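# Overview (structure and organization)
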Amino acid sequence: SHMQTYTEQMAAIFHGFRIDNCHSTPIHVAQYLLDAARRIRPNLYVICELFTGSEEIDAVYVSQLGIGALIREAMGANDSWELGRLCHRHGGSPVGSVDSSSFGNNKVVARPGLPGAMFTDCTHDNETPSQKRTTEDALPNAALVAMSVAATGSVRGYDELVDKTIDVVHETRKYPVLDNINVGITPVKRLLNKLHTQLAVDGFDEVHIHQENNTIAIQRHNPKTHEAVYLVAHTFYI
């Protein structure tokens, strides 16, 4: 009863929920609480941290809980090839894709597909670029994420190039008020976020990715105007 009341109160305040460690929550419990939340806010947007190790099990959680997106992280890639694979998976439809809308048909056919993703450059759970790769890799890693069609996210400290993970469980210090908002890669990240939004608004929905060793090139293509925006990023793995 307490958790149901809490969930309903949160649904009345917020438009979306992030479920932490969704894989450790029994599905029937999550269903019950999300049903209660959706009675308050029917269009509740749900994103989940889900690490089952199986795409089939992921699909069960997504379908039964009505998950809008799964949290995926670029810093989880152990080498540049894995990073390229993640960019491709969360990048959008391939350039030149053919669907019903290509022939003037406005009907949408429901087909099986991969769950959506919130693609993050880094999360609070994992090591920073300075710890896991190199400090120089923070910018290309963030730029590659910004070129995806997926929703994107980050964590406090990444843009400031904080060189170690901030422990959200045991850390007691408070974040200082930033007098200078141009520290680290923040100025460039601001431009990347603006580009990410603009590409979505302007219909650059198709993606092509090419990789040569540590260099990854991403093309965002507009299928109607055939305009394209390119990013070439050189990753800096140790």
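Up top you'll find the structure we're talking about.
This report concerns the structure included in the present document.

### Brief notes about helix H1 (residues 2–13)
End to end, H1 covers 17 Å across twelve residues, agreeing with the expected 16 Å (1.5 Å per residue, within 8%). Within the sequence span of H1, burial applies to Gln-4, Thr-7, Met-10 and Ala-11. Along the axis of H1, the buried residues cluster in a sector spanning 130°; they form a single face. For H1, exposure combined with an orientation more than 90 degrees from the buried face picks out His-2 and Ile-13. Looking at the buried residues of H1, the elements they touch are strand S1 (16–19) and helix H2 (27–40).

### Examining the pairing of S1
Only one face of S1 is covered, namely the face carrying Phe-17 and Ile-19; the face carrying Gly-16 and Arg-18 is uncovered. Taken together, the four bridges between S1 and strand S2 (residues 45–48) define a ladder with parallel strand orientation. Each residue of the ladder has a partner; that of Ile-19, found in S2, is Cys-48.

### Examining the sheet that holds strand S9 (residues 228–234)
Reading across the sheet, the four strands line up as S4-S7-S8-S9 and stay open at both edges, with mixed pairing between neighbours. Sheet topology places strand S4 (93–94) and S9 at the edges, where each strand pairs with a single neighbour. Relative to strand S7 (residues 206–212), S4 is paired through two bridges, and the arrangement is parallel. Residue pairing for S7: Pro-94 is matched across the bridge by Val-207. Packing against the sheet, helix H4 (residues 80–89) makes contact with S7 and strand S8 (215–221), and its axis sits at approximately 170° to S7.

Conventions used here
- In every chain, residue numbers begin from 1 and rise along the written sequence.
- Where local features are concerned, this predicted model is filtered to residues with pLDDT of at least 70; where side-chain atom pairs are given and counted, the filter is 80 or more; whole-chain, interface and lining totals use all residues.
- Neither water nor hydrogens contribute to the side-chain values; these are computed over all heavy atoms in the structure.
- Strands here mean DSSP runs of E at least two residues long; helices mean DSSP runs of H or I at least four residues long; both are numbered from the N terminus.
- What a helix is expected to span follows from its residue count: subtract one and scale by 1.5 Å.
- Only protein chains enter the area calculation, which uses a 1.4 Å probe; residues under 20% of their type maximum are buried, those over 50% are exposed, and those in between are partly exposed.
- By construction, the arc corresponds to the directions joining the helix axis to the C-beta atoms.
- Any two residues whose heavy atoms approach within 4.5 Å at even a single point are treated as in contact.
- Strands qualify as paired when DSSP identifies two bridges or more between them.
- For every element, the axis is a line fit to its C-alpha atoms; helices are fit only across the contacting stretch, and the angle between N-to-C directions ranges from 0 to 180 degrees.

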